[in-house]
Amino acid sequence: MDEKSLLHEKHPSTPREGERDIEIEGMEEREPEGSHAPPPLPPPLYTLPPTRLCSEDILFVIDADVEAKAEMKNSGPRGKPITRLDSIKQAVLLFVHSKLTINPDHRFALASLTQSPAWVCYLTNLFIVAANEGKRCQAESRIFRVILFYCRSSTPPQYKWALGQKNFTLDVIYLHDKPGPENCPQRVYDALVDALDQVSEYDGYIFESGQGLSRTLFRQTCVLLSHPQQRCGQDDIDIPKPLARKSVAAEAGEVQ
């Protein structure tokens, strides 16, 4: 074998121009064996467009009737009795302080239900005021909410309201006595639920308690801190969590 042959074997011939480009492009297009492209994701079941949470104007309406002066089971410093009205005042202060911590742009007002015939049994005047304030808040890109503390065990509220007119949110906390010959808390509660369904723009919450415990009132008030635009239905609420101690048997099972 001559010198020219050896040189030819050590240095193979260079491919013609254009052949190398075709070969490289073919290598890039080839996929490794067994590989598959992931399937496309299914479309979402629903979409949640971004929205701005509006600041709230909140009106506390406190029932100042005789029944609001009923004593709670717990007592204050030095054994001083605490009335429902005292507990409601503490709950309002707790709510306002916590709400302003969340957003200092919230605003608050206070009203009361007294012996006036226009306010004792009928909530129509209250709803008219709330509707007018609701229109003002809508013009300012705010939300108007009424939180009603009701304490009458034998006087179901009455009202007249146009169906479909909803521009404010209504929440209710109902403190009542136990059922008796002169008390009908179930009828009162049902009337409050009906009013809430008729007038509330967003999901309104209603809580009731006949236990006479301030801590129950405070717990319910804290749930009302939730913003109406972020709420789920009341039936889906799983807060606050129960604080009852676990049974000895359950604790023993966890240890095992």
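All figures in this text were calculated on a predicted structure; none of them were measured in a lab. (Residues numbered from 1 in each chain as written. Predicted model: local features only at pLDDT ≥ 70, side-chain atom pairs only at ≥ 80, totals over all residues. Heavy atoms only, no water.)

**A word on the packing of aromatic side chains**
To be explicit about the condition: Aromatic rings from Phe, Tyr and Trp, taking only the six-membered ring of Trp, are treated as a pair when their centres fall within 6.5 Å; an angle between ring planes under 30 degrees marks them as stacked, one over 60 as edge-to-face, and anything in between as tilted. Each helix is a run of H or I in the DSSP string that is no shorter than four residues. Each strand is a run of E no shorter than two, and both are numbered from the N terminus. A positively charged side chain is recorded as over a ring if its NZ (Lys) or CZ (Arg) lies within 6 Å of the ring centre. The angle to the ring normal must also be within 35 degrees.
Applying the stated criterion across every chain yields a total of seven aromatic pairs. Geometrically, the ring pair formed by F60 and F108 is stacked, given 6.1 Å between the ring centres and 15° between the ring planes. Taken together, the residues F60 in strand β1 (residues 56-63) and F108 in strand β4 (residues 107-113) connect sequence positions 48 residues apart. Among the aromatic residues, those joined into a cluster by ring pairs are F127, Y159, W161 and F168. Here R231 stacks its cationic end above the ring of Y205, 4.3 Å away from the centre of that ring.

**A word on the pairing of strand β7 (residues 206-209)**
Note the following rule: Strands are labelled as partners when DSSP assigns at least two bridges between them. The handedness of a crossover follows from its direction of travel: if, with the strands pointing away from the viewer, the path from the first strand over the helix to the second runs clockwise, the crossover is right-handed.
As paired strands, strand β6 (residues 169-175) and β7 are joined by four bridges and run parallel to one another. The residue of β7 that forms the bridge with V172 is I206. Between β6 and its parallel partner β7, the chain crosses via helix α6 (residues 185-199), and the hand of that crossover is right-handed.

**As for the nonpolar core**
Our working rule: In these notes, a set of buried Ala, Val, Leu, Ile, Met, Phe, Trp, Tyr and Cys residues joined through side-chain atoms within 4.5 Å is what counts as a nonpolar core. Under the scheme applied here, a residue whose accessible area is under 20% of the maximum for its type counts as buried, over 50% as exposed, and between as partly exposed, the area being computed with a 1.4 Å probe on protein chains only. Contacts are assigned to residue pairs that have any heavy atoms within 4.5 Å of one another.
Ranked by internal contacts, the top residues of the largest apolar core, which has 26 residues, are F127, V146, L148, F168, L170 and L192. The set of elements that each furnish at least two residues to this core consists of β1, α5 (124-139), β5 (143-150), β6 and α6. Non-local contacts of F127, meaning those with residues more than four positions away in its chain, are made with Y159, W161, F168, L170, A195 and V199. Counting residues in hydrophobic clusters, the runner-up holds 19 residues, among them I62, I88, F149 and L217.

**So, the sheet that holds β1**
This is how it is decided: Note on definitions: angles span 0 to 180 degrees between N-to-C directions of axes, and those axes are lines fitted to C-alpha atoms, for helices only across the stretch in contact.
With parallel pairing, the five strands of this open sheet are ordered in space as β4-β1-β5-β6-β7. Looking at the sheet topology across the chains shown, the edges are occupied by β4 and β7. Recorded for the sheet is a direction-independent mean angle of 15° between the axes of neighbouring strands. Relative to β5, β1 runs parallel, the two sharing seven bridges. Its bridge partner being in β5, I62 is matched across the sheet by F149. Against the sheet, α5 engages β1, β4, β5 and β6, with an angle of about 155° to β5.

**Some details on the side chain of H227**
Heads up, the rule is: Contacts described as polar in this section are N or O atom pairs within 3.5 Å, which, within protein, must combine one atom able to donate a hydrogen with one able to accept it, while residues neighboring in sequence count only if both atoms come from side chains.
Positionally, H227 belongs in the loop between α7 (214-223) and α8 (248-255). A polar atom in the side chain of H227 sits 2.6 Å from the backbone oxygen of C54. Contacts of H227, omitting those with residues within four sequence positions, involve L53, C54, E56, K99 and I143.

**Structural notes on the layout of surface pockets**
For the record, the criterion: Residues are said to line a cavity or pocket when one of their atoms sits within 4 Å of a point; the points come from a 1 Å grid over protein atoms alone, cavities being sets where a 1.4 Å probe fits but cannot get out and pockets being open sets with protein on both sides within 12 Å along at least five of seven lines. Grid points are joined across faces, edges and corners, and a volume is the space filled by probe spheres set on the points. Each residue is assigned to one class: nonpolar for Ala, Val, Leu, Ile, Met, Phe, Trp, Tyr, Cys and Pro, charged for Asp, Glu, Lys and Arg, and polar for all the others, Gly among them.
The calculated volume of the largest pocket comes to roughly 200 Å³. For the largest pocket, the full set of lining residues is V193, L196, D197, S200, Y202, D203, G204, Y205, I206, G233, Q234 and D235. Looking at the lining of the largest pocket, the element that brings in the most residues is α6, giving three residues. The class makeup of the residues in the lining of the largest pocket is five nonpolar, four polar and three charged.

**Re the confidence of the model for the chain**
Let me state the cut-off plainly: pLDDT runs from 0 to 100 and stands for how confident the predictor is about each residue.
With 76% of its residues at a pLDDT of 70 or more, the chain has an overall mean of 80. In this model, residues 1-11 is a region of pLDDT below 50 whose contacts with residues beyond four sequence positions or in other chains number two contacts. Here residues 22-28 scores under 50 on pLDDT; set against residues more than four positions off or in separate chains, the count is zero contacts.

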